[in-house]
Amino acid sequence: MKLAYLFLGPMALFLLAGCSCVLSTSSGNLLTFVGCAVREFTFLAKKPGCRGLRITTDACWGRCETWEKPILEPPYIEAHHRVCTYNETRQVTVKLPNCAPGVDPFYTYPVAVRCDCGACSTATTECETI
């Protein structure tokens, strides 16, 4: 029997964009928060030939209900795995500093507008099973 492990959307989106990411801290007890919400997220936007630019944006963050239970018929398990994922985004473009001649200085990244618990979509999230 395989257990599914899902990597939350915000980190995956920024990793796919080629960024070094660090989740910013905010007030409130994040250890006990259950649900899915828009939260401030800071990362370093960079590309070859340009200096990096630290960006603070909004991303989806949270924990969603997930469960598995055994059943008598194949596949012998009923699974319900939901992840905190983007419901609505908008794109923002910034100009990276000190780019080499001939290097496009513009960098586009997604900003979360609305987040929900939902099925993992490989269009916006890195969905992994182990």
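What counts, and at which threshold
- Residues numbered from 1 in each chain as written.
- Predicted model: local features only at pLDDT ≥ 70, side-chain atom pairs only at ≥ 80, totals over all residues.
- Heavy atoms only, no water.
- Disulfide = S-S within 2.5 Å.
- Helix = DSSP H or I, 4+ residues; strand = E, 2+ residues; numbered from the N terminus.
- Buried < 20%, exposed > 50% of the residue type's maximum accessible area, 1.4 Å probe, protein only.
- pLDDT = per-residue confidence, 0-100.
- Contact = heavy atoms within 4.5 Å.
- Salt bridge = Lys/Arg side-chain N within 4 Å of Asp/Glu carboxyl O.

Comments concerning the state of the cysteines
- All told, the structure shown has four disulfides when counted by the stated rule.
- One disulfide bridge connects C36 with C84, the sulfur atoms lying 2.1 Å from each other. Across the S-S bond of C36 and C84 the torsion is about 75°, and the bridge reads as right-handed. Here C36 is found in strand β3 (residues 35–45), whereas its partner C84 is found in strand β7 (residues 83–95), with 48 residues between them in sequence.
- For C84, a relative accessible area of 1% puts it in the buried group.
- Disulfide partner of C50: C99, at an S-S distance of 2.0 Å.

Some remarks on the confidence of the model for the protein chain
- Of all residues in the protein chain, 75% have pLDDT values of 70 or greater, and the mean over the chain is 78.
- Note on residues 1–27: pLDDT is under 50 here. Beyond four places in sequence and across chains, it has 75 contacts.

With respect to the pattern of salt bridges
- Evaluation of the coordinates by the stated rule reveals two salt bridges.
- E78 is the partner of K69 in a salt bridge, and the nearest nitrogen-oxygen pair spans 3.7 Å.
- Accessibility expressed as a relative area gives 33% for E78, which makes it partly exposed.
- A salt bridge links E88 to R114, with the shortest nitrogen-to-oxygen separation between them at 2.7 Å.

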